[in-house]
Amino acid sequence: MTQTTLKPVLFVLTSYSDVAHNISGFFFSELTHLLHVIEQAGIPAAFASIQGGEPPVYAVDLDDDMNARYWNDDAFRNKLSHTLKLSEAKSDDYSAVLFVGGHGTMWDFPDSPDVQRIIRELYEANKPVAAVCHGPAALVNATLSDGRYLVEGKRVAAFTDAEERAVKLAEVVPFLLETTLKSRGAHHQAAGEWQPLTVVDGNLITGQNPQSATGVGEALRDKLNG
């Protein structure tokens, strides 16, 4: 595929808030660092969220130059405040889907029929499915048309149980992501806590933590431009 013919990458964001004190919704740098890579490659991007409209966000660290650049960009902020409701997204309109992380995803990604639909339709159309940090919560119940879990037998990275315990939210989240992905037959890969890790298994691209956002963006860019 070439940049001139590529349809947008669909960035999917959680709509869930009130996870814990100062933690609601998606993790800002997991969007900005990924988006920068995609935009620098000339690939268009579109935003959707579970409920549509403006999704909740946390960890808006403006000492991070990339975060500050986007946070102070009126066009970006307007786009972010008017996300498409995921149920209205048509898979044919996109070249890939990317599930942005943040703790909110643990509540509204796993059981969303729209999440499961867009994953299955894009993956079975030989298009990339990507996720970073807690974004792979979208994958835990995603199945293919034959009923198998998409992650069964696949190498994946995601926020580890050790990292969840380190941020003291292991007793807050509804399930542990690493443990649940393994229970679905995934071959979970892990680096040390807060170390970047991106895993590519065919058209499935996953990253472990916020530090992995750029790597996931680069892997998705390369897959789309390959």
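Residues numbered from 1 in each chain as written. Predicted model: local features only at pLDDT ≥ 70, side-chain atom pairs only at ≥ 80, totals over all residues. Heavy atoms only, no water.

A. Inspection of helix 8 (residues 213-225) at higher detail. Its 13 residues give helix 8 an end-to-end C-alpha distance of 18 Å, which sits within 8% of 18 Å, the value for a rise of 1.5 Å per residue. Among all positions in helix 8, only A213, V216, G217, A219, L220 and L224 are buried. What you see down the axis of helix 8 is that its buried residues fit within an arc of 165°, all on one side. Check the buried side of helix 8 and you find it contacts strand 1 (9-13), helix 1 (28-40), strand 6 (96-99), strand 7 (129-132), strand 10 (198-201) and strand 11 (204-207). (Helix = DSSP H or I, 4+ residues; strand = E, 2+ residues; numbered from the N terminus. Expected span 1.5 Å × (residues − 1). Buried < 20%, exposed > 50% of the residue type's maximum accessible area, 1.4 Å probe, protein only. Arc of directions from axis to C-beta. Contact = heavy atoms within 4.5 Å.)

B. The arrangement of the nonpolar core in detail. In terms of nonpolar packing, the biggest core is built from 35 residues, with L10, F99, I119 and L181 touching the most fellow members. Mapped onto this core, the elements with two or more residues apiece are strand 1, strand 3 (45-49), strand 6, helix 5 (113-124), strand 7 and helix 7 (177-183). Dropping the residues within four chain positions of it, L181 is found in contact with P136, L139, V140, V151, V156, A158 and A186. The next biggest cluster of nonpolar side chains, apart from the first, holds 31 residues, and it includes F28, V132, F159 and L224. (Core = buried A, V, L, I, M, F, W, Y, C linked by side-chain atoms within 4.5 Å.)

C. Structural context of the pattern of salt bridges. Evaluation of the coordinates by the stated rule reveals five salt bridges. For the salt bridge of R155 with D201, the shortest nitrogen-to-oxygen distance reads 4.0 Å. Here D201 lies in strand 10 and R155 lies in strand 8 (residues 155-156), a separation of 46 residues in the sequence. On the basis of relative accessibility, which here comes to 36%, the residue R155 falls in the partly exposed class. A salt bridge links E178 to K182, with the nearest nitrogen and oxygen atoms 2.7 Å apart. Within this pair, E178 and its partner K182 are both found in helix 7, separated by four residues, close to a single helical turn. (Salt bridge = Lys/Arg side-chain N within 4 Å of Asp/Glu carboxyl O.)

D. Focus on the packing of aromatic side chains. For the structure shown, the criterion picks out ten aromatic pairs. Between F28 and F76 the ring centres are 6.1 Å apart and the planes differ by 65°, which places this aromatic pair in the edge-to-face class. In this pair, F28 sits in helix 1 while F76 sits in helix 3 (residues 74-80), placing the two residues 48 residues apart along the sequence. Take F28 and F76: they sit in the same class, and that class is buried. Each member of the aromatic cluster is reached from another via a ring pair, and the members are F11, F26, F28, F47, Y70, W71 and F76. Directly above the ring of Y70 sits R69, whose terminal nitrogen or CZ lies 4.8 Å from the centroid. R77 extends its terminal NZ or CZ atom over the ring of W71, reaching a point 3.6 Å from the ring centre. (Phe/Tyr/Trp six-rings, centres within 6.5 Å; stacked < 30°, edge-to-face > 60°. Lys NZ or Arg CZ within 6 Å of the ring centre and 35° of its normal.)

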